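An overview of the molecular structure
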Amino acid sequence: MTVRHGAFDDSPEAMPAEVTAAIDAAPARDRRLAALHRELHVETDADSGRSALQLRDADGVVLRTLSAEEALELLAGLDRH
């Protein structure tokens, strides 16, 4: 991603190839999680602005709160199956 005139250039051409590849792979990962009756949910605390990654079941019950590293490992594991 490059900065142009004080703003981020978020056009696909400006993004590194690995970023666009990860974005392109996201729907397939989501389908794999759905097949396992799971979803990865990002929730932002209104007061602190901090984000929390949650692994939820199909009913929305939080099974686990994940660190960013754990979420990436989970998603990487989906790519191997």
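Structure shown above.
Residues numbered from 1 in each chain as written. Predicted model: local features only at pLDDT ≥ 70, side-chain atom pairs only at ≥ 80, totals over all residues. Heavy atoms only, no water.

**Structural notes on the overall build of the protein chain**
Applicable threshold: Helix and strand assignments come from DSSP, with helices taken as H or I runs of at least 4 residues and strands as E runs of at least 2, each series counted from the N terminus. Only protein chains enter the accessibility calculation, which uses a 1.4 Å probe; a residue is then buried when its area is under 20% of its type maximum, exposed when over 50%, and partly exposed in between. Any two residues whose heavy atoms approach within 4.5 Å at even a single point are treated as in contact. Computed by Shrake-Rupley with a 1.4 Å probe, the accessible areas treat only the displayed protein chains as cover when residues are assessed.
Counting its regular elements, the protein chain contains two helices and five strands. Tracing the protein chain from N to C terminus, the helices and strands come up as β-β-α-β-β-β-α. Taken across its 81 residues, the protein chain has 19% of its residues classed as buried. Considering only contacts in the protein chain between residues 6 or more positions apart, those separated by 24 or more positions represent 18%. Accessible surface, the protein chain: about 6,200 Å² in total, of which carbon and sulfur atoms supply 54%.

**Things to note about the sheet that holds strand β3 (residues 38-44)**
Going by this rule: Each pair of strands is called paired provided DSSP finds at least two bridges between the two strands. Comment: axis = line fitted to C-alpha atoms, over the contacting stretch for helices; angle = value between 0 and 180 degrees taken between N-to-C directions.
Sheet architecture is open: three strands sit in the order β3-β4-β5, paired in antiparallel fashion. A strand with exactly one partner marks an edge of an open sheet, and here the two such strands are β3 and β5 (62-66). Taken pair by pair, the neighbouring strands of this sheet meet at an average axis angle of 30°, ignoring direction. As paired elements, β3 and strand β4 (residues 51-57) share seven bridges and run antiparallel to each other. Each residue of the ladder has a partner; that of Thr44, found in β4, is Ser51.

**Side note on the pattern of salt bridges**
This is how the line gets drawn: Salt bridges are defined by distance alone: a side-chain nitrogen of Lys or Arg within 4 Å of a carboxyl oxygen of Asp or Glu.
Evaluation of the coordinates by the stated rule reveals two salt bridges. Across the salt bridge formed by Glu70 and Arg64, the nearest N and O atoms sit 2.6 Å from each other. The class of Glu70 is partly exposed, set by a relative accessible area of 28%. By relative accessible area, which is 43% here, Arg64 ends up partly exposed.

**Remarks on the side chain of Gln54**
Under the convention used in this document: Polar contacts, as counted here, are pairs of nitrogen or oxygen atoms within 3.5 Å of one another; within protein the pair requires one atom able to donate a hydrogen and one able to accept it, and residues that are adjacent in sequence qualify only if both atoms are side-chain atoms.
Residue position: Gln54 is located in strand β4. Residue class for Gln54 comes out buried when judged on its relative accessible area of 9%. Side chain to side chain, Gln54 and Arg56 meet in a polar contact 2.8 Å long. Contact partners of Gln54, with chain neighbours within four places excluded, come to Glu39, Leu40, His41, Glu43, Val62, Arg64 and Thr65.

**A few points about the pairing of β4**
Counting buried residues along β4, five of its seven residues qualify, which places the element largely inside the surrounding structure. Between β3 and the antiparallel strand that follows it, β4, lie six residues; Gly49 among them carries a positive phi value of about 80°. By the bridge criterion, four bridges tie β4 to β5 in an arrangement that is antiparallel. In the strand pairing of β5, Leu53 is matched with Leu66.

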